[in-house]
Amino acid sequence: MSPPFPFSAIVGQDEMKTALLMSAADPTLGGVLVFGDRGTGKSTAVRALAALLPEISARTGCAFNCDPARPTDICPVCRPGAGKRRPRAAKRPTPVVDLPLGATEDRVCGTLDLEKALTTGEKAFEPGLLARAHRGFLYIDEVNLLEDHLVDLLLDVAASGVNVVEREGLSVRHPARFVLVGSGNPEEGELRPQLLDRFGLSLDIASPREVAQRVEVVRRREAYERDPQAFAAAWAKEDARVTAQLRKAAKALAAMETPTEVLEMAATLCLRLGVDGLRGELTLVRATRARAALAGRSAPTPDDVVSVAPMALRHRLRRDPLDEAGSTARVARAIDEVSFAVAGHA
């Protein structure tokens, strides 16, 4: 099996790469939505990220990715019952699970294990994709084409962090906390507002506009396809540096304080843009902290607010019939106004 295209070898698309790394450092950010033309590296970046993520600890054979310190009640491996010993915990890759558009609800949520029911007569639960994605990433390509009943299901699980399954007299609950990453082409359909709001960060990306950058993209892709192993080995050192950066950032976030000036700037910006509720503001503050942690700093600054505000807020703006400017332009304009005021010119 060929290794994935290295994350560090992706040319350009800096905003997308930064957003993915911030979500990996702080899973509470709420995930990433990437909209853009076909062939702009959206899926490549997500699959490349999987190779960078630090390993998690879980017991051998556990299909729910249970934290060994807090196993779910229904896991037969982590809670084997009286007289049976649990297997040892071991390191495994952080899960990055693809949710295909054609997936059934049973495959996503899990269902009755028919084989065990027929052979032993016992009712048992067969975990689905949500169990596999627990403590990791759930990736949906062409998320704007996802069927409505799966969108509703994901909204419920994303809000509660718990997957509830009722099948044939079987009632099951298990934790399902994951970072939701979606990608799609806006020309193929819009995303339902309820799901759009669940994504912490939103990006609009485009094909490179510079000849030199386009040439480098093609050059690296051809080198990868010619010899994937050698290409991955050539970039392994740089990818290892990013993995170490993620580990340090995750540790730094646990003790990081947010300065009052950053909180006030985030609040002022959200008020200026008329963002409903506080979800956007919370995400904006968390994103500033994640950006600071990835840069090796001990606290975020107003520059971090300016940098991450477009990706944290552009998808939360109400449509204004009196303002034809796009949401990105409106966020940029509000940033200029707030920055000017913070600089003491109000």
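Keep in mind that what you see is a predicted model, and the values were worked out from it rather than measured. (Residues numbered from 1 in each chain as written. Predicted model: local features only at pLDDT ≥ 70, side-chain atom pairs only at ≥ 80, totals over all residues. Heavy atoms only, no water.)

S.K.: Any chance you could explain the overall build of the protein here in plain terms?
M.R.: On a plain count of helices and strands, the protein comes out with 13 helices and eleven strands. The globule rule puts the C-alpha radius of gyration for 346 residues at 20 Å, and the 22 Å found for the protein is close to it. Across its three principal directions, the C-alpha atoms of the protein cover 75 × 50 × 45 Å. Within the protein, the proportion of its 346 residues that are buried is 45%. Taking contacts inside the protein between residues at least 6 apart in sequence as the whole, the part at least 24 apart equals 75%. Accessible surface, the protein: about 18100 Å² in total, of which carbon and sulfur atoms supply 51%. Averaging the coordinates of the 46 positive side-chain charges in the protein and doing the same for the 46 negative ones gives two points 8 Å apart. (Helix = DSSP H or I, 4+ residues; strand = E, 2+ residues; numbered from the N terminus. Rg over C-alpha atoms; globule rule 2.2 N^0.38 Å. Buried < 20%, exposed > 50% of the residue type's maximum accessible area, 1.4 Å probe, protein only. Contact = heavy atoms within 4.5 Å. Areas by Shrake-Rupley, 256 points an atom, 1.4 Å probe, with all protein chains shown as cover. Lys, Arg positive; Asp, Glu negative; His and termini not counted. Charge placed at Lys NZ, Arg CZ, Asp CG, Glu CD.)

S.K.: Where do I start with helix α6 (residues 148-160) in this structure?
M.R.: Helical periodicity: at 3.6 residues per turn, an α-helix aligns residues three or four positions apart in one direction. Counted at 1.5 Å a residue, the expected span for α6 with its 13 residues is 18 Å, and the 19 Å between its end C-alpha atoms agrees. Of the residues making up α6, those classed as buried are Leu 150, Val 151, Leu 153, Leu 154, Leu 155 and Val 157. Packed against the buried residues of α6 are α3 (105-109), α5 (129-133), β7 (136-141), β8 (162-167), β10 (178-184) and α7 (193-196). Once α6 finishes, Gly 161 follows within two positions and takes phi at roughly 75°, a positive value. (Expected span 1.5 Å × (residues − 1).)

S.K.: It is not clear to me how the nonpolar core should be interpreted in this structure. Could you clarify?
M.R.: Soluble globular proteins: nonpolar side chains tend toward being buried together. Met 22, Leu 201, Leu 269, Leu 284 and Leu 313 are the most contacted members of the largest nonpolar core, which has 58 residues in total. Examining the composition of this core, we find that seven residues originate from one element, helix α11 (residues 279-294), more than from any other. If near-sequence neighbours (up to four positions away) are discounted, Leu 201 is found in contact with Ala 19, Met 22, Ser 23, Leu 29, Gly 31, Val 32, Leu 33, Thr 283, Ala 287, Met 311, Ala 312 and His 315. Counting residues in hydrophobic clusters, the runner-up holds 38 residues, among them Phe 35, Cys 75, Cys 109 and Leu 180. (Core = buried A, V, L, I, M, F, W, Y, C linked by side-chain atoms within 4.5 Å.)

S.K.: Would you take a moment to explain the sheet that holds β7 for this structure?
M.R.: For sheets, the rule is that strands pair by backbone hydrogen bonds, running either parallel or antiparallel. In space, the five strands of this open sheet follow the order β4-β7-β10-β1-β11, with parallel pairing throughout. Looking at strand neighbours, the two that pair on one side only are β4 (96-98) and β11 (201-205), the edges of this open sheet. Neighbour-to-neighbour, the strand axes of this sheet turn through a mean angle of 20°, independent of strand direction. Where strand β1 (residues 32-36) lies against β11, five bridges are found, and the strand directions are parallel. Opposite Phe 35, over in β11, you have Asp 204 as the bridge partner. Contacts from helix α1 (residues 14-25) reach β1, β7, β10 and β11 within the one sheet, and its direction differs from that of β11 by about 160°. (Pairing = 2+ DSSP bridges. Axes fitted to C-alpha atoms, helices over the stretch in contact; angles between N-to-C directions.)

S.K.: Would you mind showing me how to read the packing of aromatic side chains here?
M.R.: The geometry of two aromatic rings is summed up by the distance between their centres and the angle between their planes. Inspection of the entire model under this criterion finds five aromatic pairs. Ring centres of Phe 5 and Tyr 224 lie 5.2 Å apart, and the angle between their planes is 70°; this geometry places the pair in the edge-to-face category. Of this pair, Phe 5 sits in the segment before α1 while Tyr 224 sits in helix α8 (residues 211-226), and the two are 219 residues apart along the sequence. According to the relative accessible area criterion, Phe 5 is buried, its value standing at 10%. (Phe/Tyr/Trp six-rings, centres within 6.5 Å; stacked < 30°, edge-to-face > 60°.)

S.K.: Sorry, what's going on with the pattern of salt bridges here?
M.R.: Think of it this way: side chains of opposite charge can pair up when their charged atoms draw near. Going through the model one piece at a time under the given rule, you end up with 13 salt bridges. As a salt-bridge pair, Glu 188 and Arg 38 come within 2.2 Å of each other at their nearest N and O atoms. One end of the pair, Glu 188, is in the loop between β10 and α7; the other, Arg 38, is in the loop between β1 and α2 (42-50), and 150 residues separate them in sequence. What makes Glu 188 partly exposed here is its relative accessible area of 27%. Note that Arg 221 is salt-bridged to Glu 225, the shortest N-O span being 3.3 Å. Of this pair, Arg 221 and Glu 225 both sit in helix α8, separated by four residues, roughly a single helical turn. Accessibility expressed as a relative area gives 54% for Glu 225, which makes it exposed. (Salt bridge = Lys/Arg side-chain N within 4 Å of Asp/Glu carboxyl O.)

S.K.: Could you clarify how one ought to interpret unusual backbone geometry in this entry?
M.R.: Across the chain, the bulk of peptide bonds are trans and the bulk of non-glycine residues have phi less than zero. For Asn 65, which is not glycine, the phi torsion reads 55° and is therefore positive. Among the structural elements, Asn 65 can be located in the loop between β2 (56-59) and β3 (89-92). Even without being glycine, Glu 142 reaches a positive phi, approximately 55°. With respect to the helices and strands, Glu 142 occurs in the loop between β7 and α6.

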